[in-house]
Amino acid sequence: MNPKSVLVIEDDPAIRETLRVMLEMENYPVLHAANGREALDVLSQKTLPGIILVDLMMPVMNGWEFIEALEKNKQFAGIPVFVVTAFSENMGNLPQVQGVIKKPIDIDSLLERVKQYCG
Amino acid sequence: MAEVSRSESEHHYRSLYENLTDGFVFCKMIFDEQNQPVDFVYLDVNQAAEKLTGLQNIAGKRVSEVLPGITNLYPQFLEIHGRVAKTGNPETFEMEIKPLNLWLSSVVYSPKRDHFAAIFTDISKKKQAEAERRNTQYELERKVLERTAELETAQIFANSVLDNIPDMIFVKDAKELRFVRLNKAAEELLGVKREELLGKNDYDVFPKAEADFFTAKDRDVLAGKMLDIPEEPIQTRSRGQRILHTKKIPIYGTHGKAEYLLGISEDITEKKEAEKNRLLLVAAETARIEAEKAVRLRDDFISIASHELKTPLTPLKMQVQLIKRHLVSGVLAGHPKSSELITLLESSNEQLNDLTRLVNDVLDVSRIRVGQLVLDINKVELDGLVQNVLNRLHSEIVRSGCSVNFRTDASVEGRWDRIRLEQAITNLMTNALKYGRGAPIDVQLDRQNESVSITVQDYGIGIEKTDQIRIFEQFGRAATIKSFSGLGLGLYITREIVVAHGGTISVESDPGNGAIFKIVLPTNL
C-alpha cells in the first residue's frame, strides 16, 4: 500500500524545502503551502493528506486561523494536525491538533509521527 | 473871674463828658443796716452811657428799677461797685450783662464817700472775636487731635501690614542711606533687631563687597530708575548666605526730590533650591527615560536578532540530521572515510544544539524582560523529566568525564511547565558538568508535603561567597570568560523559571569543593 501524503504548511522556504526533500526521500508524497490560505486551496484540489504539519506564525493566514477553518469543514475533520513551532504553545483547546513538534525539528521524532499516520 | 472860669471849666468838662465815647455814670450807693450794698441810684449818666446800655432817662432812678433782678443775676456787679464806694479804692472789671446785650469793661472809682463813678465801654466785639478765636483754636486743636488719631490708626495699620508681609521691607534715607524703617521679616531675615539697625547703613551690617553692591544699586535707584534685582546674594547673621529677589524704589518728597529709598526683598533661597532640585529631577528623569529607551532598543534588538539567528538554525539542523540519517543508512557504504564523516556530522549536530541553546537563552532573556515568560502548566512526573534530561545530555556527560548519581523518591508529581523545567534542570546539569572537574555529580529529588526539591551537587571548582548572589543575575558569571565559555544567562533564566512557578533556588558552595544548587517547587496539585 502506498503511503499517504503529507501537507507541509510553512512560510520559511528553507524549512519547507528541507521537509519536502526529507519526506520525499522517505517516499512520502508531499503537498506544500506557504500559508493557511494556500493550504486550504491545496486541500480542496488534491487527495486528502494523511497528516498536516503546520507552522503557526505565517503571513496571509496564520496557523491558528488555518486550524480554525479546518475544524469548521467536516470534509477535513479526520486529518490529524501537528503544530510545528518554536514556542511552547498550549494547543489543548483544539481537538484536531494531535501534538506539537518543537523547532528546531528533530527529524527522527518527526518521521516517527509521520510514519504513524501515513504508513 | 473865678465864677466865670469855674463855669467855663465846668462847661468844658460837661462837653467832654457829653461827647465822651466811653459811657460814664455817677451813682450813689445804698447800703442796708449791716452796711451791705443793696442798690444804687444813677445820679448822672452821659449820652454814651445811654447809647451803650440802650437805657433812656435813667438819671435819678435806682438800678433795681432800671434793670430789675440785676443784683440777683450779677451779685458781683453790686459788690464791686459797693466796695469801691465804701473803700474808695478804684477797680476795673469786665463783665457780661446779658439783659443789656453788653460786654462791659469798666473802670470804677469813688470821687465821694458812698458814691462811685464808672467809665465803661462795650467790648462785645472784642469778646466775640476772642470767642471766635477760641472756637477756631479749639476746632483746630480738635482737628489736630482727630488727625493725630487718624494718623496713629493709619500708622498702626501700616505697621501691622508691613510686619505681616513675609518679604523684607526697608526704608533708607536718601542722603546717607541709613535705615529708617524695617519690618519684622527684615529682622528675621537679617537676624538683627530693628533697634540695632535703625540709623545704620549697609557698611555697618554687611561685608564690604556686599555693601558696595547694595550702595551702588541704591544710588542708581535714587538717581531715578526703579530697580528689579532678580538675584541678590546676602550674608545674614543667623541664616548664612541667602538669595534675595529685590525691588528698589525711590520715594519722592513734595519737592520732587528722592528723599527715601524703599526696598522690598523676597527670600528666594528655598525657591531657587527647589528649582535647582526640580531641574536636577527633570535631568535625572530625562536620563532615566533615555536609559530606558536605550534598554528597550537593546531588548528589541536582542529579540529581533535572536529570532533572525534562530530562523536558519531550524532548517540547518534538519539538513545535518537528514544527511547523517542517510549516511548512516548506507549512502556512503564502502566510502573509506564514511565513519569520519559521520563523526563530523555528529559534531556539527552537537554544535548546532549548543548554538540553538545559546540563541534560545538570549531569546528567553528578552522574553523575561518584556514579561512574556508564559508557563504552559500540565501534570508532570518530575523523576521521568530529570531522567529525560540526563538521557539527552548523555554524550555531554560522557565528554565531561563526570558520572551522575540520580536518586529519587518513588513518585514526584506536580503541575508545572514541562519544557521550562527541563530547561532549568538542563542548565543546572550543564553547569555542574562544566565546572565539575570530572568528579561525580549527585542529583536528588525529595518530596515534602506540598513541595519538591531538586538538588544538583558537584565537587568542582565551587563559587566564591561574593559571587553567590551575582550568578543569578543577567551576565552574572563567576568564572572567568577565558577559562569557561557561555553568555552568563543560564542561572538567570533558571531562576526566572523557578520564580515563575512560585519556587525558590539557592546555592551553597565551599570554593574549591564544589557547589550545591537546590530548587524548591510547590507541587501545585
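Residues numbered from 1 in each chain as written. Chains lettered and ligands numbered in written order. Predicted model: local features only at pLDDT ≥ 70, side-chain atom pairs only at ≥ 80, totals over all residues. Heavy atoms only, no water.

Caption draft 1: How the structure looks around the overall build of chain A. When helices and strands are counted, chain A shows four helices and five strands. For chain A, the α and β elements follow one another from N to C terminus as β-α-β-α-β-α-β-β-α. Across chain A, contacts joining residues at least 24 apart in sequence account for 61% of those joining residues at least 6 apart. (Helix = DSSP H or I, 4+ residues; strand = E, 2+ residues; numbered from the N terminus. Contact = heavy atoms within 4.5 Å.)

Caption draft 2: Local environment of the interface of chain B and chain A. Taken residue by residue, the interface counts 17 residues in chain B and 22 residues in chain A. Across the chain B/chain A interface, buried area totals approximately 1,800 Å², and carbon plus sulfur atoms make up 65% of it. Our count for the contact surface shared by chain B and chain A stands at two salt bridges. For B:Arg325, the salt bridge goes to A:Asp108, with nearest N and O atoms at 3.1 Å. The tally of links from chain B across to chain A stands at five residue pairs in polar contact (both at pLDDT 80 or more). For the side of chain B that touches chain A, the elements supplying multiple residues, two or more each, are helix H11 (269-331) and helix H12 (338-369) of chain B. In terms of residue count, the dominant contributor to the side of chain B that touches chain A is H11(B) (12 residues). Among the residues making up the side of chain B that touches chain A, the classes are represented as four nonpolar, seven polar and six charged. (Buried area = accessible area lost by both parts, 1.4 Å probe. Salt bridge = Lys/Arg side-chain N within 4 Å of Asp/Glu carboxyl O. Polar contact = N/O pair within 3.5 Å; in protein donor to acceptor, adjacent residues only side chain to side chain. Nonpolar A, V, L, I, M, F, W, Y, C, P; charged D, E, K, R; others polar.)

Caption draft 3: Geometry of the nonpolar core. All names here are of chain B. One finds Leu382, Ile425, Met429, Ile441, Phe517 and Leu521 to be the most contacted residues of the largest nonpolar core, which totals 34 residues. Top element by residues in this core is helix H15 (residues 418-435). It accounts for six residues. Ignoring any residue separated from it by four or fewer positions in sequence, one finds Leu521 in contact with Trp416, Leu421, Glu450, Ser451, Val452, Ile454, Val498, His501 and Gly503. Counting 30 residues, the second largest nonpolar core, distinct from the first, contains Val45, Leu67, Phe93 and Ile97. (Core = buried A, V, L, I, M, F, W, Y, C linked by side-chain atoms within 4.5 Å. Buried < 20%, exposed > 50% of the residue type's maximum accessible area, 1.4 Å probe, protein only.)

Caption draft 4: Inspection of the pattern of salt bridges at higher detail. Residue and element names in this part refer to chain A. Per the stated rule, a full pass over the model turns up 41 salt bridges over all chains. Of the charged contacts in the structure, one is a salt bridge between Arg20 and Glu17, with a shortest N-O distance of 2.7 Å. Separated by three residues within a single helix, Arg20 and Glu17 lie in helix H1 (residues 13-25), roughly one turn from each other. On the accessibility criterion, Arg20 (21% relative accessible area) is partly exposed.

Caption draft 5: The arrangement of empty space enclosed by the protein in detail. All names here are of chain B. Inspection of every chain in the model, using the stated rule, returns two cavities of 30 Å³ or more. One number sums up the size of the largest cavity: a volume of about 190 Å³. Lining the largest cavity are 21 residues, with Tyr42, Thr53, Phe77, Leu104 and Phe120 positioned closest to its centre. Taken together, the elements giving at least two residues each to the lining of the largest cavity come down to strand S1 (23-31), strand S2 (37-45), helix H2 (47-53), helix H5 (75-87), strand S4 (102-109) and strand S5 (115-122). Classifying every residue of the lining of the largest cavity gives 17 nonpolar, three polar and one charged. Estimates place the volume of the second largest cavity at around 100 Å³. Lining of the second largest cavity is provided by 14 residues; of these, Met168, Phe170, Phe206, Phe214 and Ile234 occupy positions nearest its centre. (1 Å grid on protein atoms, 1.4 Å probe; cavity = no way out; pocket = protein on both sides within 12 Å on 5 of 7 lines; lining within 4 Å. Points joined across faces, edges and corners; volume = space filled by probe spheres on them.)

Caption draft 6: The arrangement of a nonpolar patch on the surface in detail. Taken together, the side chains of B:Val180, B:Ile251 and B:Tyr260 make up a nonpolar region of the molecular surface, amounting to roughly 230 Å² of accessible area. Along the chain, B:Tyr260 falls in strand S10 (residues 258-267). (Patch = residues over 30% accessible without salt bridge, like charges linked within 9 Å, V, L, I, M, F, W, Y side chains within 5 Å. Areas by Shrake-Rupley, 256 points an atom, 1.4 Å probe, with all protein chains shown as cover.)

Caption draft 7: Fine view of the pairing of S4(B). Residue and element names in this part refer to chain B. By the alternation rule, side chains of S4 split into Leu102, Leu104, Ser106 and Val108, which are all buried, and Trp103, Ser105, Val107 and Tyr109, of which none is buried. The pairing of strand S3 (residues 91-97) with S4 spans seven bridges and is antiparallel. Note on S4: the bridge partner recorded for Glu96 is Trp103. Hairpin remark: S3 followed by S4, antiparallel, with four residues in the connecting loop; positive phi at Asn101, about 55°. Sheet topology places S4 next to S5; six bridges connect them, and they run antiparallel. Residue pairing for S5: Val107 is matched across the bridge by Ile119. Taken together, S4 and the strand that follows it, S5, pair antiparallel across an intervening segment of five residues, in which Asp114 is found at a positive phi of about 65°. (Pairing = 2+ DSSP bridges.)

Caption draft 8: Representation of the pairing of strand S4 (residues 81-85) of chain A within the structure. All names here are of chain A. The element S4 is largely enclosed, with a buried count of five among its five residues. Burial along S4 is two-sided: Val81, Val83 and Thr85 facing one way and Phe82 and Val84 facing the other are all buried. Direction of pairing for strand S3 (residues 51-55) relative to S4: parallel, over a ladder of four bridges. Its bridge partner lying in S4, Leu53 is registered against Phe82. Regarding topology, helix H3 (residues 63-72) serves as the crossover connection from S3 to the parallel S4, and that connection is right-handed. Note: S4 against strand S5 (residues 97-102), five bridges, orientation parallel. For Thr85, the partnering residue across the bridge sits in S5 and is Lys102. (Right-handed = clockwise from strand over helix to strand, strands pointing away.)

Caption draft 9: Highlighting the side chain of B:Asn427. All names here are of chain B. Assignment of secondary structure puts Asn427 in helix H15. Here Thr494 takes part through its side chain, which lies 3.0 Å from a polar atom of the side chain of Asn427. Beyond its immediate sequence surroundings of up to four residues, Asn427 is in contact with Gly490 and Thr494.

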